[in-house]
Number of protein chains: 2
Amino acid sequence: MRYARPGQPVRGSKTGKPIMALFDLLGRNWALGIIWQLSAGAMTFRALQERCEGVSPSVLNTRIKELTASGLITRGEAGYCLTEMGEELFALIRPLGAWSMDWAARLDAPDA
Amino acid sequence: MRYARPGQPVRGSKTGKPIMALFDLLGRNWALGIIWQLSAGAMTFRALQERCEGVSPSVLNTRIKELTASGLITRGEAGYCLTEMGEELFALIRPLGAWSMDWAARLDAPDA
DNA sequence: TAATACGCTACGAATTAAATAGCAAGAGGT
DNA sequence: ACCTCTTGCTATTTAATTCGTAGCGTATTA
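This text gives an overview of the structure that appears in the document.

About the criteria used
Residues numbered from 1 in each chain as written. Chains lettered and ligands numbered in written order. Predicted model: local features only at pLDDT ≥ 70, side-chain atom pairs only at ≥ 80, totals over all residues. Heavy atoms only, no water. Pairing = 2+ DSSP bridges. Helix = DSSP H or I, 4+ residues; strand = E, 2+ residues; numbered from the N terminus. Contact = heavy atoms within 4.5 Å. Buried area = accessible area lost by both parts, 1.4 Å probe. Salt bridge = Lys/Arg side-chain N within 4 Å of Asp/Glu carboxyl O. Polar contact = N/O pair within 3.5 Å; in protein donor to acceptor, adjacent residues only side chain to side chain. Buried < 20%, exposed > 50% of the residue type's maximum accessible area, 1.4 Å probe, protein only. Near = heavy atom within 4 Å. Nonpolar A, V, L, I, M, F, W, Y, C, P; charged D, E, K, R; others polar.

## A word on the pairing of strand E2 (residues 79-82) of chain B
Residue and element names in this part refer to chain B.
In step 1: Bridge count between strand E1 (residues 73-76) and E2: four bridges; the pairing is antiparallel. Within the sheet, the bridge partner assigned to Gly76 lies in E2 and is Gly79.
In step 2: Counting the residues between successive antiparallel strands, the hairpin from E1 to E2 contains two residues.

## Some remarks on the interface of chain B and chain A
In step 1: Contacts between chain B and chain A engage 43 residues on the former and 43 residues on the latter.
In step 2: Counting the surface lost from both chain B and chain A, the interface buries some 4000 Å², and carbon and sulfur atoms represent 70% of this.
In step 3: When the area that chain B buries against chain A is broken down by residue, the three leading residues are Glu53, Trp99 and Trp103 of chain B, summing to 18%.
In step 4: With a shortest N-O distance of 2.7 Å, Arg106 of chain A and Glu88 of chain B are connected by a salt bridge.
In step 5: Linking chain B with chain A are eight residue pairs in polar contact (both at pLDDT 80 or more).
In step 6: Broken down by secondary-structure element, the contributors of at least two residues to the side of chain B that touches chain A are helix H1 (18-26), helix H2 (31-38), helix H5 (84-93) and helix H6 (95-108) of chain B.
In step 7: Among the elements that line the side of chain B that touches chain A, the one with the most residues is H6 of chain B, at eleven residues.

## Let's talk about the pattern of salt bridges
In step 1: Tallied over the full model, the rule gives eight salt bridges over all chains.
In step 2: Taking the shortest distance from any N to any O, the salt bridge between Glu66 of chain A and Arg28 of chain A comes out at 2.7 Å. Of this pair, Glu66 of chain A sits in helix H4 (residues 57-69) while Arg28 of chain A is found in the loop between helix H1 (18-26) and helix H2 (31-38), placing the two residues 38 residues apart along the sequence.
In step 3: Measuring nitrogen to oxygen at the nearest pair gives 2.7 Å for the salt bridge that ties Arg63 of chain B to Glu66 of chain B. One end of the pair is Arg63 of chain B and the other is Glu66 of chain B, both in helix H4 (residues 57-69) and three residues apart, which spans about a single turn. For the pair Arg63 of chain B and Glu66 of chain B, a shared accessibility class is recorded, and that class is buried.
In step 4: Sharing partners across several salt bridges, the network here consists of Asp24, Arg28, Arg63 and Glu66 of chain A.

## Regarding the protein's contact with DNA strand C
In step 1: In the vicinity of DNA strand C, 15 residues are found, and the nearest of them are Arg46, Asn61 and Tyr80 of chain A together with Asn29 and Val59 of chain B.
In step 2: The share of sugar and phosphate among atoms of DNA strand C within 4 Å of the protein is 57%.
In step 3: For DNA strand C, a phosphate oxygen lies 2.6 Å from a polar atom in the side chain of Asn29 of chain B.
In step 4: For the surface near DNA strand C, the secondary-structure elements that each account for two or more residues are helix H3 (45-51) and H4 of chain A together with H4 of chain B.
In step 5: When residues of the surface near DNA strand C are assigned to their parent elements, the largest contribution, four residues, is made by H4 of chain B.
In step 6: Broken down by class, the residue content of the surface near DNA strand C amounts to five nonpolar, five polar and five charged.

Structure follows, in structure tokens:
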């Protein structure tokens, strides 16, 4: 398996620029969703799967491995959770929650 | 083609929550990279393709349509560019640039 | 002992992306 | 008119990813 890591070429990025490695990592199905859900606290594999609307275990497992290798999540006593870096990243993407609601409203009423 | 739009079920999201629709949209290959590159200003299809490390035209074209339908990018005189909403979104993800460099450094030296 | 929850793995099918070639339209020059 | 170039994009084939489902092995609880 090929993991997205800064400093080396990754899928879709021949330069290995950190931001492109990050985009490659996050630009996979459910990667952002997993971080988002884990921000609520540690949870088991199956709880996480359920929160991610029943994503298939194979995809979930793959994402977990990628995110773990990238130092964003880890597995503790209470299940999977964000690492310190993962919490930092979540703090950055957190505003997307509020913004997405604005976005949704404006897509419904483009003349706002 | 099935576009990611808030308010209705999308790929991987049966609930239609705005944040999940957004994650679905951004969680596709090159979606984030395209927004990132367009923040530098309007550019032609081929210029954008070149900046995205030679992404295939079919993928680029698909992403352009999705992002256009979602109101994040548009096509003006000088080529493709971010809409007002696109600029807003970029402002939110912009901090990822600096953070990703920290992240890269800490992955190389985990004992920092 | 049975039942349950757990973290996964296997595998075929479906979807998505990549790679490459090339077309039609427009601009510009000769 | 003709050639050349750029542009936006489509077509086609092939590769990679994701999905959906079934189920295994272990641990815990009843």
